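Chains, contacts and geometry: an overview
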Amino acid sequence: MPATSRSAWWTARVITYDRRALVQAFLDAHPDAKRGYYYSEPYNTALREHRRRVLDGLQRLFGLTLDFEGVAEYRALVTLFRTTAKSYVRITAPGEGFGEAGSILKQLTQAGVEQPVHDALNRITACDDQSAEAHLDVLVTLIGVFLGDRAAATFTSADLAALGVDDTAGPNSAEYNLWEDY
């Protein structure tokens, strides 16, 4: 990272968006998405709105709206796309979202089962990671079908900015109490 402040580095960053990034933007804007959210409804609302703006801008750039009207000729595949996305955002493991697990670890140790539980939880996490990658493979492939001859298109932060979308304008977590609703 250059000697400038972190925020200056972030705002100077240029992101390239391909069809996989379009899929990730769709997943991030999904109403059930968990990635990046905290126990703060004001922060989550601001993040959700930012992600929705980025997704809307990307859909405009790619010339594709990821709903039944936007991909009318592939209605059945849109159903598969949307249910795969819904399944993806629901992938979870025991203990996910715990703010602090010290009491659990202490009791596992006291009960003498810390290692077998830890090992099993790691296996669950590995399976979840594999499942997430398989979901993404399906979604990226389907987006390729929907995009047709635009499937290899890429866009940048500058392209979004030309539409009036600042992809770096998400909420600053330092300005929120991220644990207020915990």
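**Concerning the overall build of the protein chain**
- Broken down by element type, the protein chain carries seven helices and two strands.
- Along the protein chain, helices (α) and strands (β) appear in the sequence α-β-α-α-α-α-α-β-α when read from the amino end.
- Based on the C-alpha atoms only, the size of the protein chain along its principal axes is roughly 60 × 45 × 30 Å.
- Counting only contacts in the protein chain whose residues sit at least 6 apart along the sequence, the fraction spanning at least 24 positions is 80%.

**Quick look at the nonpolar core**
- Counting 34 residues, the largest nonpolar core has F81, I143 and F146 as its most contacted members.
- For this core, the secondary structure elements donating two or more residues are helix 2 (19–29), helix 3 (41–62), helix 4 (75–89) and helix 6 (114–147).
- It is helix 6 that provides the largest number of residues to this core, a total of eight residues.
- Setting aside residues up to four positions removed in sequence, F146 forms contacts with L64, L66, V71, Y74, L77, V78 and F81.
- Ranked by size, the runner-up nonpolar core spans five residues in total, among them Y37, Y43, L47 and L178.

**So, the side chain of D128**
- In this structure, D128 sits in helix 6.
- Of the side chains with opposite charge, K34 comes closest to the buried, unpaired D128, at an N-O distance of 9.0 Å.
- Discounting residues that sit within four places of it in the chain, D128 has contacts with I91, T92 and A93.

**Some remarks on the packing of aromatic side chains**
- Evaluation of the coordinates by the stated rule reveals eight aromatic pairs.
- Here the aromatic rings of Y43 and Y176 are separated by 5.3 Å at their centres, their planes lie at 75°, and the arrangement is edge-to-face. One end of the pair, Y43, is in helix 3; the other, Y176, is in the segment after helix 7 (157–162), with 133 residues separating them in the sequence.
- A relative accessible area of 7% means that Y43 is categorised as buried.
- Note on Y176: relative accessible area 27%, which makes it partly exposed.
- Connected via pairs of aromatic rings, a cluster forms that spans Y38, Y39, Y43, Y176 and W179.

**Describing the side chain of R51**
- Along the chain, R51 falls in helix 3.
- Buried and unpaired, R51 has no salt bridge, with D28 as the nearest side chain of opposite charge at 4.3 Å.
- Residues in contact with R51, not counting those within four places in the same chain, are D28, A29, R35, G36 and Y37.

**Considering the packing of helix 2 against helix 6**
- Across the interface, helix 2 lies against helix 6 with an axial gap of 9 Å and an inter-helix angle of 115°. Relative to helix 6, the element helix 2 is oriented roughly perpendicular. Both helix 2 and helix 6 take part in a crossing whose hand is right-handed. Where helix 2 abuts helix 6, its residues R19, R20, L22, V23, Q24 and L27 lie against E133, L136, D137, L139, V140, I143, G144 and L147.
- Of the residues contributing to the contact of helix 2 with helix 6, the split by class is eight nonpolar, two polar and four charged.

About the thresholds
Residues numbered from 1 in each chain as written. Predicted model: local features only at pLDDT ≥ 70, side-chain atom pairs only at ≥ 80, totals over all residues. Heavy atoms only, no water. Helix = DSSP H or I, 4+ residues; strand = E, 2+ residues; numbered from the N terminus. Contact = heavy atoms within 4.5 Å. Core = buried A, V, L, I, M, F, W, Y, C linked by side-chain atoms within 4.5 Å. Buried < 20%, exposed > 50% of the residue type's maximum accessible area, 1.4 Å probe, protein only. Lys, Arg positive; Asp, Glu negative; His and termini not counted. Salt bridge = Lys/Arg side-chain N within 4 Å of Asp/Glu carboxyl O. Phe/Tyr/Trp six-rings, centres within 6.5 Å; stacked < 30°, edge-to-face > 60°. Axes fitted to C-alpha atoms, helices over the stretch in contact; angles between N-to-C directions. Parallel < 35°, antiparallel > 145°, perpendicular 65-115°, else oblique. Left-handed = near helix turned anticlockwise from the far one by under 90°. Nonpolar A, V, L, I, M, F, W, Y, C, P; charged D, E, K, R; others polar.

Shape descriptors only; they carry no functional weight alone.
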